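Residue-level listing of the chains:
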Amino acid sequence: EIRNELANFAKSQNLDRVLLFEYSNGTSNIVGLPFLYVTVSSEVIRPTISPVAQHYQRLSTGLISEFLEKFESKGFDFIEDLESVKDECPMIYYFLKPCGARSVLFYSVYGVDKQIGFILAMSTDDKIINKKESLPQLARSAQKISALMNLDKLNENLK
C-alpha cells in the first residue's frame, strides 16, 4: 500500500523518482551513543529511469546532519534547482547528484511522537517541480504513508 501511494503521487505530479527514506539506529560508538542511519525502503521510478535505492542503504545521517536539522524543523524542504545548492550545501548536492536529481522536494514522515523518515520526490531532467501544486499533494501522501507505517509497526507489536 505504501508503494502504491508513492506511485500515485509520482504519477499525479509527473515525477521521475520518489524515494521513501526511513531512519534506523545501528551499532553504538565508543561512548555508547547510537549511530543514526537513513535507508531507502521504497522507490518508485519512471520506466526510463534506473533505480538507485541500493545506493542509499544504511547511510549515516551525520553526512547530511546540517541539512536534516534545518529540514526537520520545517517538515519539508524544496530545492528548485540542485545546482543552486552546490556551494551552500555541498553534502546535499553530492548526496543527490549521482541519481540525476534536478529539482527535489523533501517531506517528513512522522511516527507517534517523532520523525521516522522522509519522502524525497524529484525530477531528473529540465522539469522543475511545481512546489505550489506538489507540496500539498505530498503532504497528503506523507500522512497516509505515516499511518500505514505506524499500523504495520503496531501490528508487529501485537504479535
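Calculation criteria
- Residues numbered from 1 in each chain as written.
- Predicted model: local features only at pLDDT ≥ 70, side-chain atom pairs only at ≥ 80, totals over all residues.
- Heavy atoms only, no water.
- Helix = DSSP H or I, 4+ residues; strand = E, 2+ residues; numbered from the N terminus.
- Phe/Tyr/Trp six-rings, centres within 6.5 Å; stacked < 30°, edge-to-face > 60°.
- Buried < 20%, exposed > 50% of the residue type's maximum accessible area, 1.4 Å probe, protein only.
- Lys NZ or Arg CZ within 6 Å of the ring centre and 35° of its normal.
- pLDDT = per-residue confidence, 0-100.
- Contact = heavy atoms within 4.5 Å.

**Student:** Give a detailed account of the environment of Leu120, specifying residues and quantitative values.
**Tutor:** As for its position among the elements, Leu120 is in strand E6 (residues 115-123). As a C-alpha pair, Leu120 and Leu138 span 18 residues in sequence and 9.6 Å in three-dimensional space.

**Student:** Please provide a residue-by-residue account of the packing of aromatic side chains, values included.
**Tutor:** A full pass over the atoms with the stated rule returns 11 aromatic pairs. Taking 4.7 Å as the distance between ring centres and 55 degrees as the angle between the ring planes, the aromatic pair formed by Phe67 and Phe106 counts as tilted. Of this pair, Phe67 sits in helix H2 (residues 65-74) while Phe106 sits in strand E5 (residues 103-110), placing them 39 residues apart in sequence. The same class applies to Phe67 and to Phe106, which are both buried. The ring of Phe76 has Lys74 lying over it, and the distance from NZ or CZ to the ring centre is 5.4 Å.

**Student:** So what's going on with the confidence of the model for the protein chain? Residues and values would help.
**Tutor:** When pLDDT is low, close inspection of the predicted coordinates is not appropriate. For the protein chain, per-residue confidence averages 88 on the pLDDT scale, and residues scoring 70 or more make up 89% of the total. Confidence drops under a pLDDT of 50 for residues 28-33, and excluding neighbours within four residues, the segment shows 5 contacts in the predicted structure.

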